[in-house]
Amino acid sequence: MDFTLSDEQRMIRDLARQVAREKVAPRAAELDRTGEYPEDIFQAFKETGLLGLAFPEQYGGAGAGITGLCLAVEETAKYCNASALILLLTRLPTSAILFYGTEEQKQRYCRGVAEGKLRGAFGLTEPGAGSDAANIQTTARRDGDAYVLNGTKTYISGATVADFFLVAAKTDPSAGSRGFSVFIVERNTPGFSISKPLPKMGVHGVPITELHFDNARVPASCMVGPENQGFKIIMANLNALRPVVAARGLGTAEGAIAYATDYAKQRETFGKPIIQHQWVQFTLAELAMQAEAARLLTYKAAWLVDQGRYLDREAVPHLSMAKAFATELAVKASGDAVQIMGGAGYMAEFPMERVYRDAKQLTIVEGTSQVQRLIIGRALLEGTLSYW
Ligand SMILES: Cc1cc2nc3c(=O)[nH]c(=O)nc-3n(C[C@H](O)[C@H](O)[C@H](O)COP(=O)(O)OP(=O)(O)OC[C@H]3O[C@@H](n4cnc5c(N)ncnc54)[C@H](O)[C@@H]3O)c2cc1C
């Protein structure tokens, strides 16, 4: 057993840390206030090669896998969750393409994203179907050499700047999860449009929108993987991203602990720094223990995905554990940091108010905490997760 990072992984972490401190941190509060997508931060990620971390070299990437991406996301999320999401969005709309796409699709979309020439978004959720993804209503009807899509997707992150969308639709509406297929939809497809950004609680630097398909005609060559195998393909995609969402949670928690610790060393009450009061010190110690546990879960989950085990029934509950644990810790750590800072924690003048709002997204997106527990519970029930 070896808990050390490789030389290459240390270099990725150090590079991401430098970009986060120099380019991301100074902009975080402003992005939250203006809701503007940070083109300058995207360019900084592009110039430093961080956008290509999790793509193989033959598609223009660095070949550092999901583990490399997690290291960069963790460092970025210490300062700005929206910027960490920009890194996550490199693989959210492309993992399915990498696993099941044609060589042509990989060369266009994976290479395009790795090199910062294209941006993608992921369209699964609908007004009537989130956790219950098999219940989506968007349809794709075959018509000659194309599919005609009709329906609405909602809460789609990064759609305002995306060039293409990975979209799930029903090709056999009577077949439930066996009637699902996955398509790449280019932004300029006739009949396809996106709504205005939807107002939300946090992560304002990356707007979310609805996607509308009104007889949108997509070439049949844009299907990812075989027809009606889409549910498995979407699950592979989501499972591969669990460690990356976990890394957003981990970085958020670590940033909150670090900030609250610094604050507690400076702020004095009753004649001593508040870190000398037992509740403050024990709260920080408790969070530090949990952050170490979250890091182990996250890195292990990333390693499992990099072993190609994103659909392996013994690996899948561990991906869910990392996602649920690290994202719940992000909410707890940022909430505790607000409390440790007292009134200052609540004020927009200080970062924890934003960090707390941003953190809450993480226990909802890409499978809620409850859905992760369903997956873990089912593994216990079936015996693919056992402690005997
Ligand atoms: C900021 C933001 C960004 C997002 N970005 C994207 C994106 O880019 N692409 C995309 O496709 N989607 C995106 N989503 C959607 C997100 O993935 C869904 O909101 C999420 O999967 C939950 O679905 P829902 O909102 O329909 O909640 P519901 O499924 O309606 O769930 C409501 C509540 O019931 C609980 N629940 C549901 N079923 C069960 C059950 N069987 N047992 C116990 N509890 C249950 C849930 O945990 C939740 O607490 C985004 C959402 C947000 C908030």
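Reading the values: rules and limits
- Residues numbered from 1 in each chain as written.
- Predicted model: local features only at pLDDT ≥ 70, side-chain atom pairs only at ≥ 80, totals over all residues.
- Heavy atoms only, no water.
- Core = buried A, V, L, I, M, F, W, Y, C linked by side-chain atoms within 4.5 Å.
- Buried < 20%, exposed > 50% of the residue type's maximum accessible area, 1.4 Å probe, protein only.
- Helix = DSSP H or I, 4+ residues; strand = E, 2+ residues; numbered from the N terminus.
- Contact = heavy atoms within 4.5 Å.
- Domains from an automatic or database assignment.
- Buried area = accessible area lost by both parts, 1.4 Å probe.
- Salt bridge = Lys/Arg side-chain N within 4 Å of Asp/Glu carboxyl O.
- Polar contact = N/O pair within 3.5 Å; in protein donor to acceptor, adjacent residues only side chain to side chain.
- Arc of directions from axis to C-beta.
- Pairing = 2+ DSSP bridges.
- Axes fitted to C-alpha atoms, helices over the stretch in contact; angles between N-to-C directions.
- Parallel < 35°, antiparallel > 145°, perpendicular 65-115°, else oblique.
- Left-handed = near helix turned anticlockwise from the far one by under 90°.
- Nonpolar A, V, L, I, M, F, W, Y, C, P; charged D, E, K, R; others polar.
- Near = heavy atom within 4 Å.
- Areas by Shrake-Rupley, 256 points an atom, 1.4 Å probe, with all protein chains shown as cover.

Q: Explanation requested: the nonpolar core in the structure shown.
A: Formed by 122 residues in total, the largest nonpolar core has its most connected members in Phe45, Leu124, Leu149, Phe165 and Val185. For this core, the element with the highest residue contribution is helix α8 (residues 230-266), accounting for 17 residues. Excluding anything up to four places from it in sequence, Val185 contacts Leu149, Asp163, Phe164, Phe165, Val167, Phe192, Phe213 and Val218.

Q: What should I look at first to understand the domain arrangement of the protein in this one?
A: One widely used convention gives an interface's size as the accessible area the parts lose upon coming together. Along its sequence, the protein is organised into domain 1 (7-114), domain 2 (120-226) and domain 3 (231-382). On a C-alpha basis, the centroid separation for the pair domain 1 and domain 2 is 23 Å. Taken together, the two surfaces of domain 1 and domain 2 that pack against each other cover about 1,700 Å², and 70% of this comes from carbon and sulfur. Where Arg108 meets Glu186, a salt bridge forms, and the shortest distance between an N and an O atom there is 3.0 Å. On inspection of domain 1 and its partner domain 2, the count reaches five residue pairs in polar contact (both at pLDDT 80 or more).

Q: Even after reading the chapter, I still don't get helix α3 (residues 39-47), so can you show me in this structure?
A: For the α-helix, the turn length of 3.6 residues means that residues three or four positions removed from each other point alike. Among the residues of α3, Ile41, Phe42, Ala44 and Phe45 are the ones counted as buried. Viewed along the axis of α3, the buried residues span an arc of 160°, placing them on a single side of the element. Residues of α3 that are buried sit in contact with α1 (7-24), α2 (28-34), α4 (65-77) and α5 (81-88). After α3 finishes, the residue Gly49 shows a positive phi value of roughly 80°.

Q: How do you make sense of the pairing of strand β1 (residues 120-123) when you look at a structure like this?
A: Looking down a regular strand, the side chains alternate between one sheet face and the other. Of the two faces of β1, the one lined by Gly120 and Phe122 and the one lined by Ala121 and Gly123 are each fully buried. Note: β1 against strand β4 (residues 164-170), four bridges, orientation parallel. Across the sheet, the residue bridging to Gly120 is Phe164, located in β4.

Q: Where do I start with the packing of α4 against α5 in this structure?
A: What describes two packed helices is the angle between their axes and the distance between those same axes. Across the interface, α4 lies against α5 with an axial gap of 8 Å and an inter-helix angle of 165°. Relative to α5, the element α4 is oriented roughly antiparallel. At the point where α4 passes α5, the crossing takes the right-handed sense. In this structure, α4 contributes Leu69, Ala72, Val73, Thr76 and Ala77 to the contact, and α5 contributes Ser83, Ala84, Leu87 and Leu88. Taken together, the residues of the contact of α4 with α5 sort by class into seven nonpolar, two polar and no charged.

Q: Looking at this structure, how should I read the site of the ligand?
A: Close to the ligand lie 17 residues, the nearest being Thr125, Ser131, Tyr155, Thr368 and Gln370. In this structure, Glu366 approaches the ligand through a main-chain N or O atom, which is 3.5 Å from an oxygen atom. Compared with its free state, where it exposes 980 Å², the ligand has 63% of that area covered by protein. By residue number, the principal contributor to the shell around the ligand is strand β3 (residues 146-157), which donates three residues. Of the residues belonging to the shell around the ligand, the class tally is eight nonpolar, eight polar and one charged.

Q: Before we go on, may I ask you to explain the side chain of Glu74 in this structure?
A: Tracing the sequence through the fold places Glu74 in helix α4. A relative accessible area of 3% places Glu74 in the buried class. A polar atom in the side chain of Glu74 sits 2.7 Å from the side chain of Tyr299. Those residues in contact with Glu74 that sit more than four places away from it in its chain are Ala247, Leu250, Gly251, Glu254, Arg295 and Tyr299.

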